[in-house]
Amino acid sequence: MMKLLLVTCIQEYESAVKEILKHSGAKSFSYQPVKGYSNGTESNAWFVSGEIATESLLFTVFIDDACKDELIDGFQKFNSRQVVHTKIHVACLDINQSI
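Residues numbered from 1 in each chain as written. Predicted model: local features only at pLDDT ≥ 70, side-chain atom pairs only at ≥ 80, totals over all residues. Heavy atoms only, no water.

**Q** When you look at the packing of helix 1 (residues 14–22) against helix 2 (residues 65–80) in this model, what are you seeing that I'm missing?
**A** Axes are the key here: two packed helices are described by the angle between their axes and the distance separating the axes. Contact pair helix 1 / helix 2: the axes reach a minimum separation of 9 Å and the direction vectors enclose 145 degrees. Relative to helix 2, helix 1 is oriented so that their crossing is right-handed. Across from Ala16, Val17, Ile20 and Leu21 in helix 1, the residues of helix 2 making contact are Leu71, Gly74, Phe75 and Phe78. The class makeup of the residues in the contact of helix 1 with helix 2 is seven nonpolar, one polar and no charged. (Axes fitted to C-alpha atoms, helices over the stretch in contact; angles between N-to-C directions. Helix = DSSP H or I, 4+ residues; strand = E, 2+ residues; numbered from the N terminus. Left-handed = near helix turned anticlockwise from the far one by under 90°. Contact = heavy atoms within 4.5 Å. Nonpolar A, V, L, I, M, F, W, Y, C, P; charged D, E, K, R; others polar.)

This is the structure:
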């Protein structure tokens, strides 16, 4: 089954995300700049809270289910090495049908 991953990160992590995708079986992806906002103060928020937008990137990645765990593991390893609170965030969705 195919998966759709939505990956957000700050612009400074662009090359790291591309490297992880390249080495984790992702055949193709797209990305675009986004302005992220958050209403909350949770420590795991996808974007920094406040009035100022966070200059971020949104990657759209289609992968085989077999590659999902390796890819998510790559992002978790990257996040564990960061000393700042800014992380790469990933949401994984099943693709039930596509044409």
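More follows now that the structure is in view.
**Q** How should the packing of aromatic side chains be read in this particular structure?
**A** Given two aromatic rings, their pairing is described by the distance between the two centres and the angle made by the two planes. According to the stated counting rule, one finds three aromatic pairs in the structure shown. Taking 5.8 Å as the distance between ring centres and 45 degrees as the angle between the ring planes, the aromatic pair formed by Phe29 and Phe59 counts as tilted. Of this pair, Phe29 sits in strand 2 (residues 28–36) while Phe59 sits in strand 3 (residues 54–64), and the two are 30 residues apart along the sequence. Residue class for Phe29 comes out partly exposed when judged on its relative accessible area of 34%. (Phe/Tyr/Trp six-rings, centres within 6.5 Å; stacked < 30°, edge-to-face > 60°. Buried < 20%, exposed > 50% of the residue type's maximum accessible area, 1.4 Å probe, protein only.)

**Q** Help me understand the pattern of salt bridges, please; the structure alone is not making it clear to me.
**A** It is possible for side chains of opposite charge to pair when their charged atoms get near one another. In the structure shown here, the tally under the stated rule is six salt bridges. With its nearest N and O atoms 2.7 Å apart, the salt bridge here joins Lys35 to Glu55. Residue Lys35 is located in strand 2, and its partner Glu55 is located in strand 3; the two are separated by 20 residues in the primary sequence. With a relative accessible area of 39%, Glu55 lands in the partly exposed category. Linking Asp69 and Lys68 is a salt bridge whose minimum nitrogen-to-oxygen distance equals 3.4 Å. Given a relative accessible area of 53%, Asp69 falls into the exposed group. Here the salt bridges share partners, and the residues they tie into one network are Lys3, Asp65 and Asp94. (Salt bridge = Lys/Arg side-chain N within 4 Å of Asp/Glu carboxyl O.)

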